[in-house]
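# Observations on the three-dimensional arrangement
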Amino acid sequence: MVPISFEFYPPKTPEQHAQLDKTVARLKAHAPEYVSVTFGAGGSTLSHTPETIQKLRAGGFDAAPHITCMGGSREEIRGLLKLYRALGARRLVALRGDLPSGMVSAGEFRYADELVRFVREETGDHFHIEVAAYPEMHPQARDAQVDLRNFVGKVRAGADGAITQYFYNADAYFRFVDDVRRQGLDIPIVPGIMPIANFSQIRRFSELCGAEIPRWIAQRMQAFGDDTESVRAFGAEVVAQLCRRLLDGGAPSLHFYTLNLSKPTLNVLANLR
Ligand code: FAD
């Protein structure tokens, strides 16, 4: 089986903790290469990601925290890096993050390349650093060429690998990988996979992050209406086919956005086998 990784968000409430425990227990059998934990904007979430990393490491996982430019000042990010080293983490996902609506400024770093450079200055080669990639372009980028140039910049700042925003169009991924290779970069670019279990939720996410849902998928999903069983079955089939095409075309592994649920990811993996 191809290497896979799972992404979780840090739980806050007792219900969310129970949900993540259940999900992790169910996904563990798939022996992920590593799991990652997102980092939300805003001070109150500062401790949730480290706590979740600690718990996942205690459960035997190689757990990678996400860090973002919104994580605070240089000093605060320095402290976070120290904490993650002490927790035994060897892998990070370094991102700009998004400003919560209403906030006008965040930390001292503006873009992910500055954060990657800082992590390298502070910790040398200790961390394997993943950055984000956008086969369908980052929604705020002026154009695809500029976005590619910025991506190359953050890899040259010291990233070891990239995980893509999710997409449902394999050609966008292949083209992006070709473009990056033409820039002389050979880092692994791992497709981020978003299973479809709730179509209206995916449509909402996609509008925000700029992922295109192909018309033929949207039309079938709409036709299923409230028939959630059909939505799930069709979603798992479509996403598994996408995964198969990506792997056949050379994708090095798959990173699943689990949203802390096990079933949608397990259904894709079952179809993939
Ligand atoms: P950047 O690489 O900094 O790019 C952001 C924009 O700025 C792009 O349009 C780019 O073209 C432009 N740009 C980049 N560098 C420069 C530069 N030097 N000069 C001028 N323009 C530049 N968000 C969270 O808040 N927490 C998470 O845990 C999280 N995890 C994620 C995991 C993955 C795998 C992915 C794909 C996204 C994740 N996100 C997360 C969302 C991410 O933070 C947003 O997509 C954000 O808008 C961009 O982050 P980035 O690291 O790609 O930014």
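Please refer to the structure placed before this passage.
In this text the structure is predicted, and so the values were computed from the model without any measurement.

### Describing the packing of helix 8 (residues 215–224) against helix 9 (residues 228–248)
Where helix 8 contacts helix 9, the axes come no closer than 9 Å and their chain directions differ by 160 degrees. With respect to their mutual orientation, helix 8 and helix 9 come out roughly antiparallel. For helix 8 against helix 9, the interelement crossing comes out right-handed. Along the contact surface, helix 8 presents Trp216, Ile217, Arg220, Met221 and Phe224, while helix 9 presents Ser230, Val231, Phe234, Gly235 and Val238.

### Overview of the sheet that holds strand 8 (residues 254–257)
One closed barrel accounts for eight strands, arranged 1-2-3-4-5-6-7-8; its pairing is parallel. Averaged over all pairs of adjacent strands, the angle between strand axes in this sheet comes to 30 degrees, irrespective of strand direction. In this sheet, strand 8 lies alongside strand 7 (residues 189–193) in parallel orientation, the contact comprising two bridges. Considered in strand 8, the bridge of Ile193 is made with Phe256. Sitting on the sheet, helix 3 (residues 74–86) is in contact with strand 3 (63–68) and strand 4 (91–95), with an inclination near 180 degrees to strand 3.

### Focus on the site of the ligand
As a matter of local geometry, the ligand sits amid 23 residues, with Phe39, Asp98, Tyr134, Asp147 and Lys154 nearest to it. The backbone of Phe39 places a nitrogen or oxygen atom 2.7 Å from a nitrogen atom of the ligand. In the environment of the ligand, an oxygen atom lies 2.9 Å from a nitrogen or oxygen atom belonging to the side chain of Asn150. Contact with the protein chains covers 84% of the free accessible surface of the ligand, which is 980 Å². When contributions to the shell around the ligand are tallied by element, the ones reaching two or more residues are strand 3, helix 4 (112–123), helix 5 (144–156) and strand 6 (161–166). Here the shell around the ligand is built from residues that sort into nine nonpolar, nine polar and five charged.

Criteria and cut-off values
Residues numbered from 1 in each chain as written. Predicted model: local features only at pLDDT ≥ 70, side-chain atom pairs only at ≥ 80, totals over all residues. Heavy atoms only, no water. Axes fitted to C-alpha atoms, helices over the stretch in contact; angles between N-to-C directions. Helix = DSSP H or I, 4+ residues; strand = E, 2+ residues; numbered from the N terminus. Parallel < 35°, antiparallel > 145°, perpendicular 65-115°, else oblique. Left-handed = near helix turned anticlockwise from the far one by under 90°. Contact = heavy atoms within 4.5 Å. Pairing = 2+ DSSP bridges. Near = heavy atom within 4 Å. Polar contact = N/O pair within 3.5 Å; in protein donor to acceptor, adjacent residues only side chain to side chain. Areas by Shrake-Rupley, 256 points an atom, 1.4 Å probe, with all protein chains shown as cover. Nonpolar A, V, L, I, M, F, W, Y, C, P; charged D, E, K, R; others polar.

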